[in-house]
Structures are given as structure tokens and as C-alpha cells.
There are 2 protein chains.
Amino acid sequence: MSAALVIAVDAMGGDSGPAVTIAGAAVTLLRRPDTFFQFFGNETAIRAALEKHPSLAARSKVIHTEVSIAMDAKPSQALRQGRRTSSMWLALQAVKDDEAHVAVSAGNTGALMAMSKFCLKTMPGIERPAIAAIWPTVTSECIVLDVGANVGATSRQLSDFALMGAAMARSLFGQDRPRVGLLNIGEEEIKGLDQVKAANSWLRDSGLAIDHRGFIEGDQIGHGAADVIVTEGFSGNIALKTAEGTARQIAAYLRAAMNSSLLSKIGAFLAQGGFTHLREKMDPRRLNGGVFLGLNGIVIKSHGGTDATGFASALDLGYDMARNGLIKQIADDLEKVAHVARARDD
Amino acid sequence: MSAALVIAVDAMGGDSGPAVTIAGAAVTLLRRPDTFFQFFGNETAIRAALEKHPSLAARSKVIHTEVSIAMDAKPSQALRQGRRTSSMWLALQAVKDDEAHVAVSAGNTGALMAMSKFCLKTMPGIERPAIAAIWPTVTSECIVLDVGANVGATSRQLSDFALMGAAMARSLFGQDRPRVGLLNIGEEEIKGLDQVKAANSWLRDSGLAIDHRGFIEGDQIGHGAADVIVTEGFSGNIALKTAEGTARQIAAYLRAAMNSSLLSKIGAFLAQGGFTHLREKMDPRRLNGGVFLGLNGIVIKSHGGTDATGFASALDLGYDMARNGLIKQIADDLEKVAHVARARDD
């Protein structure tokens with residue numbers, strides 16, 4: 001068996017702190033038993049939560065700190081107050097110091113990104129990190145990035161996102177040549193933003209191990225038209241949130257429809273096996289976890305309001321990304337395209 | 001009873017031409033019997049379609065032309081080939097000449113927008129027209145604009161969109177002070193694009209008869225957080241298409257779930273009343289029709305691939321917008337804010 005995979009956990013992050021982060025780790029340990037956890041945060045609170053999970057306690061270490069980052073802290077404020085001392089920072093520092101393979105936090109996104117850039121630094125050859133989300137499709141899943149690390153992106157940055165997203169698809173889905181598309185408002189080459197068009201030309205001739213699919217419209221994301229969908233952070237975040245909102249809206253319609261008559265209620269009762277299946281498929285906790293790409297280390301952002309099941313998904317994702325050598329995948333691809341790098345500068 | 005409301009119909013627009021446009025008009029005439037139609041296009045084809053609808057034939061006029069705009073024509077090409085002669089242009093010309101109250105076309109969007117700008121001209125005080133879509137929410141409907149007339153928008157243009165969307169909400173929903181929000185990637189004032197922030201400040205102090213709600217995230221659109229959601233055309237189009245794609249995706253999940261076991265199938269059969277209700281609620285034909293705002297005349301764009309039911313929705317929408325004085329609403333609001341116009345220039 002291979003050596004333990006070490007996850008550095010910001011135990012204080014998220015709306016519920018150790019109550020959720022420790023319980024989530026216990027779930028992941030059952031599924032990935034060779035994980036070792038480092039929990040950063042208030043030792044008393046963490047130890048109290050660990051009492052219920054003796055086998056997790058046996059495969060974890062607690063590193064005490066009194067400082068934690070508020071969920072509503074501004075990035076600059078978080079950096080000023082929590083650098084070197086906060087549970088969030090210490091988890092990142094463990095990755096930087098090669099003591100952990102990946103850091104996972106349910107803390108606030110802006111603070112986590114600011115600290116990650118400061119602590120781990122951006123990879124050589126990458127201008128800007130991005131946040132990648134895993135998006136359910138009718139056939140399986142795809143990766144969408146950037147979903148909000150930055151607003152706007154040059155063609156160079158968009159092609160970086162494509163390269164990093166493709167490396168993530170190789171790590172996560174085991175695909176040799178992931179299908180990559182650029183989110184745009186029309187399939188015709190004449191439409192859309194100049195930087196999207198320039199990135200499209202570059203990707204077509206990049207020599208990367210990708211199956212370049214050109215432009216993808218919003219309705220094609222969930223249809224599974226590509227494995228990696230690339231866009232800048234403003235539109236990516238809006239697409240992601242809009243899809244989440246639409247899913248909740250239709251769930252509300254469905255509940256109302258099934259309560260609209262006695263016969264519908266009886267039918268829904270009989271079909272509850274099917275509805276359970278549907279609920280599981282649409283459960284946002286199943287694909288919880290945004291991956292920060294482009295840093296010298298893997299960082300996973302969990303939703304702040306999730307529960308143990310959702311946090312475990314983020315931990316699983318971190319485990320898989322680290323185990324499958326995400327950073328090396330990205331570095332290899334960057335090396336491959338280094339000779340054409342100048343051509344894609346804006 | 002008031003005088004007839006005249007709709008100029010590009011009878012050749014869309015994937016199916018008169019077969020759909022005439023059948024759609026027959027549906028609208030049943031619901032809005034004081035409509036009079038002008039059909040522009042190939043007279044033989046139109047007359048053939050009208051044969052099935054004698055009461056529609058009695059309330060319509062056919063204006064013959066051989067020229068129609070191809071669904072894949074580029075805007076510049078359409079203008080060159082179809083100016084003054086095409087069925088699309090003639091429908092717009094009828095609005096310009098005050099012979100019709102509104103023009104409706106299922107032809108290609110780019111060509112229709114280019115011709116509309118050329119024929120009807122942009123309203124004084126408006127820099128750029130926008131396309132507004134009606135978006136279903138859990139409670140009712142809202143208006144989202146721009147969904148793709150242009151890529152990018154200055155703060156001045158965004159505030160124009162807000163003004164026009166609010167006027168449309170007054171015409172369509174009869175609201176005195178529609179709730180207006182700006183689509184953004186975070187609710188905090190620090191986040192997002194500069195032009196969105198500038199538009200936010202301007203709208204807060206505009207004196208318009210709106211209930212300004214500040215920033216709205218993507219998941220709040222379908223939740224009904226505002227009556228008018230304002231964004232530039234790239235992100236607006238992506239949000240709209242993503243929502244459509246997500247709805248189709250969940251419908252596919254639901255079908256699979258209901259076919260997953262015999263009991264689910266029986267349940268779904270019993271609940272078919274509820275499912276019919278759901279299907280009607282999610283039917284894209286129900287809210288078919290994008291409104292071109294900011295021109296000296298009302299133009300409605302129907303989906304090209306819709307059927308008679310869908311085209312009738314677009315005609316109904318055109319009728320309602322014209323009957324409720326949309327253009328006057330916008331003009332009045334523009335006059336109201338003329339004294340602060342300079343303050344919102346970028």
C-alpha cells in the first residue's frame with residue numbers, strides 16, 4: 001500500500017466549524033482509509049468533536065490555534081489578521097512545507113484565495129489562479145472554470161484556464177484527451193468577445209493533449225458537450241449560480257405539482273424510489289468543492305454552509321486530486337506549451 | 001371598444017414560415033379578438049395557410065414579397081440583401097410608418113436587431129438597444145436584460161437597461177415600482193465589475209419609480225428576488241441559456257427516475273395530472289418572445305424553432321406591450337431622468 005495521503009483541514013472554516021469538519025473527515029476516512037488528517041484550529045473544540053470518532057482520532061493530528069478567519073472578513077483584512085496564525089493559513093502552510101498533500105477549507109472564498117496566493121504562490125507560467133467547479137451533466141460530470149476567482153480574463157489567462165482544467169480532467173476523470181470548450185454566446189466564429197476568440201485560435205493550435213471543441217453555449221454545459229468549459233470568473237460564477245437556482249426552482253415546482261391532487265400524492269408516494277434517486281442526483285452536497293488551480297499546491301474550497309456529507313465530498317475531491325498528481329499534470333502541460341507561450345500573450 | 005391593435009408579422013421568419021406564423025396568429029386572435037394582422041411574405045404560401053383560418057383571413061391583410069432573410073444570414077448580409085424588400089424589413093417599416101403597433105418575427109436575431117436599428121432607430125437618450133427575456137420564477141415572472149443584443153455595457157448603458165426594463169415591468173406586470181436588481185457575483189458592494197458598481201450608485205439615486213434592490217446573484221433570478229434583472233449581453237445570454245439547459249437536464253433526470261422501477265412507473269402514471277401541471281409550467285413556449293427595447297417602436301423576437309403555440313405567445317406579448325404603451329413608458333422615464341443624465345455618463 002502506498003504512503004498515507006495527508007489532508008490539512010481548516011477545522012474552523014465554514015458556518016459550523018469542527019462539528020461539520022470533523023464529522024466530514026470521519027466519513028472520508030471510511031471511504032479512503034489511507035488518509036491522514038491534520039486539523040488546524042481550537043484544540044478543545046476539535047478534541048470534543050473527535051471523541052465520537054476514535055478511529056479518526058487515531059489517524060489525525062491536532063494543531064492548536066486561537067485565530068480563525070470570520071466568514072465575512074474581507075480578503076485584505078483576513079491577510080492582515082490571520083497571516084501565519086489562523087487555522088486557514090496554517091493548513092496552507094502545511095501544504096507549502098510538504099507536510100500535507102492538500103488543504104481543504106470551508107472558510108470564506110475571498111480570504112482563502114488571497115491567503116493561498118500569498119502562501120503558496122502562483123505556479124511559474126500561470127498569470128492567475130482560477131476556481132474550478134465540478135458540474136453535473138446528463139451523462140456524467142464536467143469541469144467549469146473560472147467560477148469566480150477573478151473578474152475578466154485575457155486570452156492568455158483563458159488559455160491557462162483551459163490547460164489547467166484539462167489537467168484536472170485527466171486527474172479526476174482519467175481522460176487522455178479531455179474535450180475542452182470555451183463558453184460563448186454563439187457557436188459561429190464571428191460572435192462573442194475578442195479575448196474568447198483569440199483563446200479559441202490559440203487552443204486550436206496549442207498542441208495540448210486536448211480535444212478542442214471551440215465555442216459552447218450555456219445550454220450545452222449540462223448537456224455534456226465538453227469535459228472542460230472555460231470562461232472568465234464573472235460569467236462563470238453567474239452560470240454556476242443560475243444553474244443552482246434553476247435546479248432549486250424546478251424542485252419547488254415538482255413538490256407543488258406532486259401536492260396538487262390526492263392522486264398525484266399517491267403517485268408520488270409509490271414513485272418515492274425514483275424520487276430518492278432524483279434527489280441524490282441533484283444533491284448539491286454530492287459535488288461540493290471548488291478546486292483552486294494554478295497555485296504551487298492543491299487547495300479545495302468547500303461551501304461554507306454544507307454539512308458533514310458535503311464536507312466529506314470536498315475532502316474526497318482533495319484526496320483524489322492529490323493522489324492523481326494534479327500539480328504534476330499541470331506542470332507537465334505548462335512545459336509542453338512553453339515554446340508557444342509567447343504566441344498566446346495578448 | 002378601442003380600435004384594433006395591428007401586429008405586423010414577418011410571416012416568412014423562423015424554421016417553418018407561414019405554417020407556424022399563420023397558425024400562431026389564429027391562436028392569438030382567439031385570445032385577443034381585437035387584433036388585426038398584417039402578414040408580410042410570399043402571398044401564395046400565406047393564403048394557403050390562411051385557408052384553414054377564415055376568421056383570421058377576415059382580420060388580416062397580406063403584403064406580398066419574394067425576399068426573405070435566411071436563418072443563418074449574417075446581419076450585414078441581411079441588411080444588404082433585404083433592406084426595403086424583405087418580409088422582415090417590411091414588417092418593421094409598417095411600425096415605422098405607424099401602420100402597425102408592433103412587429104413580430106421568428107427570423108434570425110442578429111439580422112432582426114440590425115434591421116430594427118436601421119429602420120426604427122434608437123430612441124433619443126438611449127445609447128444601445130437591449131433584448132429583454134421573460135424569465136419564470138417560483139412566484140411569477142421577471143424580466144432579464146440584456147440577453148444578447150451586445151457584448152459588454154458601460155454603467156450608462158446598464159442604467160439605460162434598468163430604466164427600460166422597469167418601464168417594461170410597468171407595462172407587462174402593471175407594477176408601479178418594480179424591483180430592479182443588477183446581476184453580480186456577490187452581494188457585497190466591494191465585489192464585481194466597476195461598471196456594475198457605478199450603475200448601482202446611479203440607480204440608487206436616480207429618482208426613477210423603481211424599488212432598487214442592489215446586487216442580485218445568479219441563483220436569485222429564478223427565486224424571484226427582483227422584477228427586473230439587469231446585466232450586459234454576454235453574461236445575460238449565458239445565464240439564460242444555462243437556465244434553459246439546466247431545466248432540460250433535470251427533465252431528463254426526472255424521466256429516468258420515473259422509469260427506474262415498475263413502482264415508479266405506476267406512481268408516475270397516477271401522478272400524471274401533477275406532471276402535466278409541471279410540464280406546462282416548464283414549457284418554453286409559454287414565455288416565448290424577446291422584446292427589443294430602446295427603439296422607436298416595439299419589436300418582438302420569437303424563437304426560430306417554435307411552433308404555433310410558441311409563436312402565439314410572442315404575438316400575445318407584442319399585443320400586450322403595445323396595448324399598455326411600452327414606448328411611452330420608456331419615453332416618460334427618459335424625460336424624468338434627463339436632468340441627471342450627465343451624472344451617469346461614464
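Keep in mind the model is a prediction, meaning the values are calculated, not measured.

## Here we look at the overall build of chain A
Okay, so step 1: For chain A, the count of helices and strands is 13 helices and 11 strands.
Okay, so step 2: Reported as C-alpha extents along the three principal axes, the dimensions of chain A are approximately 60 × 60 × 45 Å.
Okay, so step 3: Among the 346 residues that make up chain A, the fraction classed as buried is 58%.
Okay, so step 4: Residue pairs in contact within chain A that sit at least 24 positions apart in sequence constitute 72% of those at least 6 positions apart.
Okay, so step 5: Element-wise, carbon and sulfur atoms account for 52% of the exposed surface of chain A, whose accessible area totals about 13,700 Å².
Okay, so step 6: If you average the places of the 36 positive and of the 36 negative side-chain charges in chain A, the two averages end up 3 Å apart.

## Details of helix α5 (residues 87-96) of chain A
Residues and elements named next belong to chain A.
Okay, so step 1: Most of α5 sits out of view: 9 of its 10 residues are buried.
Okay, so step 2: Every buried residue belonging to α5 is among S87, M88, W89, L90, A91, L92, Q93, A94 and V95, and all of these are buried.
Okay, so step 3: The elements touched by buried residues of α5 are β1 (5-10), β2 (35-41), α4 (75-82), β4 (102-105), α6 (109-120) and β11 (298-301).
Okay, so step 4: Phi turns positive one or two residues past the end of α5, at D98, with a value near 60°.

## Description of the domain arrangement of chain A
Residue and element names in this part refer to chain A.
Okay, so step 1: What the domain assignment reports for chain A is domain 1 (1-123 + 296-304) and domain 2 (127-293).
Okay, so step 2: Between domain 1 and domain 2, the C-alpha centre-to-centre distance is 27 Å.
Okay, so step 3: Across the boundary between the two partners, domain 1 contributes 11 residues, which contact 12 residues of domain 2.
Okay, so step 4: Interface area for domain 1 against domain 2, summed over the two sides, is near 950 Å², with a carbon-plus-sulfur share of 67%.
Okay, so step 5: Our count for the contact surface shared by domain 1 and domain 2 stands at 0 salt bridges.
Okay, so step 6: Between domain 1 and domain 2 we count 4 residue pairs in polar contact (both at pLDDT 80 or more) in total.
Okay, so step 7: Those elements that place two or more of their residues in the side of domain 1 that touches domain 2 are α6 and β11.
Okay, so step 8: With 5 residues, the top contributor of residues to the side of domain 1 that touches domain 2 is α6.
Okay, so step 9: Here the side of domain 1 that touches domain 2 is built from residues that sort into 4 nonpolar, 5 polar and 2 charged.

## Some details on the sheet that holds strand β9 (residues 228-230) of chain A
Residue and element names in this part refer to chain A.
Okay, so step 1: Within the open sheet, the 11 strands sit side by side as β3-β2-β1-β4-β11-β10-β5-β6-β9-β7-β8. Their pairing is mixed. The outermost strands of the open sheet, each flanked by one partner alone, are β3 (60-64) and β8 (211-216). Recorded for the sheet is a direction-independent mean angle of 25° between the axes of neighbouring strands.
Okay, so step 2: Relative to β3, β2 runs parallel, the two sharing 5 bridges. Paired with F40 across the strands is I63, a residue of β3.
Okay, so step 3: Packed onto the sheet, helix α7 (residues 155-173) meets β5 (130-136), β6 (141-145), β7 (179-183), β9 and β10 (290-293) and runs at close to 150° relative to β6.

## Describing the sheet that holds strand β2 (residues 35-41) of chain B
All names here are of chain B.
Okay, so step 1: On the basis of which strands lie adjacent, the open sheet formed by 11 strands has the order β3-β2-β1-β4-β11-β10-β5-β6-β9-β7-β8 and mixed pairing. Of all the strands in the sheet, the pair left with one neighbour each is β3 (60-64) and β8 (211-216). Averaged over all pairs of adjacent strands, the angle between their axes in this sheet comes to 25°, without regard to strand direction.
Okay, so step 2: Sheet analysis places strand β1 (residues 5-10) next to strand β4 (residues 102-105), joined by 3 bridges and oriented parallel. In the strand pairing of β4, V9 is matched with V104.
Okay, so step 3: Sheet strands touched by helix α2 (residues 43-50): β2 and β3. Its angle to β3, the strand with the most contacts, is close to 155°.

## Brief notes about the relation of the copies chain A and chain B
Okay, so step 1: Aligned on chain B, chain A shows an RMSD of 0.0 Å; the corresponding rotation is 180° and the shift along the axis is 0.0 Å. Classification of the inter-copy transformation places it as that of a two-fold axis. Relative to the rotation axis, the C-alpha of G267 of chain A is the closest in chain A, positioned 1.8 Å from it.
Okay, so step 2: The residues that chain A uses at the interface reappear at the interface of chain B in 100% of cases, marking a shared surface.

## Some words on the interface of chain A and chain B
Okay, so step 1: The interface of chain A with chain B comprises 53 residues on the first partner and 54 residues on the second.
Okay, so step 2: Taken as a group, I185, F234 and Y253 of chain A account for 15% of the area that chain A buries against chain B, more than any other trio of residues on that side.
Okay, so step 3: Where chain A packs against chain B, one counts 4 salt bridges.
Okay, so step 4: Residues D219 of chain B and R248 of chain A are paired through a salt bridge, measuring 3.3 Å at the closest nitrogen-oxygen approach.
Okay, so step 5: On inspection of chain A and its partner chain B, the count reaches 12 residue pairs in polar contact (both at pLDDT 80 or more).

## Here's the deal with the side chain of T137 of chain A
Okay, so step 1: Along the chain, T137 of chain A falls in the loop between β5 and β6.
Okay, so step 2: Overall, T137 of chain A belongs to the buried group, its relative accessible area being 2%.
Okay, so step 3: Among the polar contacts listed, one links the side chain of T137 of chain A to the backbone nitrogen of S140 of chain A, at a separation of 2.8 Å.
Okay, so step 4: Those residues in contact with T137 of chain A, other than ones at most four positions away along the chain, are C142, I221, G222, H223 and G224 of chain A together with Q249 and Y253 of chain B.

## Section: the pairing of β1 of chain B
All names here are of chain B.
Okay, so step 1: The buried fraction of β1 amounts to 6 of the 6 residues, a majority that puts the element mostly inside the structure.
Okay, so step 2: Burial of β1 is two-sided: the residues L5, I7 and V9 facing one way and the residues V6, A8 and D10 facing the other way are all buried.
Okay, so step 3: In this view, the connection linking β1 to its parallel neighbour β2 by way of helix α1 (residues 18-31) has right-handed handedness.

## A word on the pairing of β4 of chain B
Residues and elements named next belong to chain B.
Okay, so step 1: Taking every second residue as pointing to the same face, both faces of β4 are buried, with V102 and V104 on one and A103 and S105 on the other.
Okay, so step 2: With 4 bridges connecting them, β4 and strand β11 (residues 298-301) associate as parallel partners. Of the residues in β11, the one forming a bridge with S105 is K301.

The rules behind these values
By convention here, each chain's residues receive numbers from 1 onward along its written sequence. To read the labels, note that chains go from A and ligands from 1, taken in the order they are written. Per-residue local features are limited, in this predicted model, to residues with pLDDT of at least 70; the limit for side-chain atom pairs, both in listing and counting, is 80 or more; totals at the level of whole chains, interfaces and linings are taken over all residues. The side-chain quantities take in all heavy atoms of the structure and omit both hydrogens and water. Runs of H or I in DSSP of at least four residues are treated as helices and runs of E of at least two as strands, each being numbered from the N terminus. Each residue gets one of three labels from its accessible area relative to the maximum for its type: buried under 20%, exposed over 50%, partly exposed in between, using a 1.4 Å probe on protein chains only. Here, two residues are considered to be in contact whenever any of their heavy atoms come within 4.5 Å of each other. Per-residue accessibility takes into account occlusion by the displayed protein chains alone, with areas from the Shrake-Rupley method and a 1.4 Å probe. In this tally Asp and Glu are treated as negative and Lys and Arg as positive; neither His nor the chain ends contributes. Charged side chains are reduced to one point each, which is NZ for Lys, CZ for Arg, CG for Asp and CD for Glu. Bear in mind that the domain bounds are from an automatic or database domain assignment. When two components associate, each loses some accessible surface as probed by a 1.4 Å sphere; the sum of these losses over both components is called the buried area. Take a side-chain nitrogen of Lys or Arg and a carboxyl oxygen of Asp or Glu: if they are within 4 Å of each other, that pair is a salt bridge. In protein, a polar contact requires one atom able to donate a hydrogen and another able to accept it; more generally it is a pair of N or O atoms within 3.5 Å, and residues adjacent in sequence count only if both atoms are side-chain atoms. In the scheme used here, Gly and all other residues not listed as nonpolar or charged are polar, with Ala, Val, Leu, Ile, Met, Phe, Trp, Tyr, Cys and Pro taken as nonpolar and Asp, Glu, Lys and Arg as charged. Pairing between strands is defined by DSSP: at least two bridges between the two strands are required. Each axis is a line fitted through C-alpha atoms, taken for helices only over the stretch in contact, and angles between the N-to-C directions span 0 to 180 degrees. Our superposition of the copies is a least-squares fit, built on the C-alpha atoms of residues whose pLDDT is at least 70 in both. Consider the strands pointing away from the viewer: the crossover is right-handed when the path from the first strand over the helix to the second runs clockwise.

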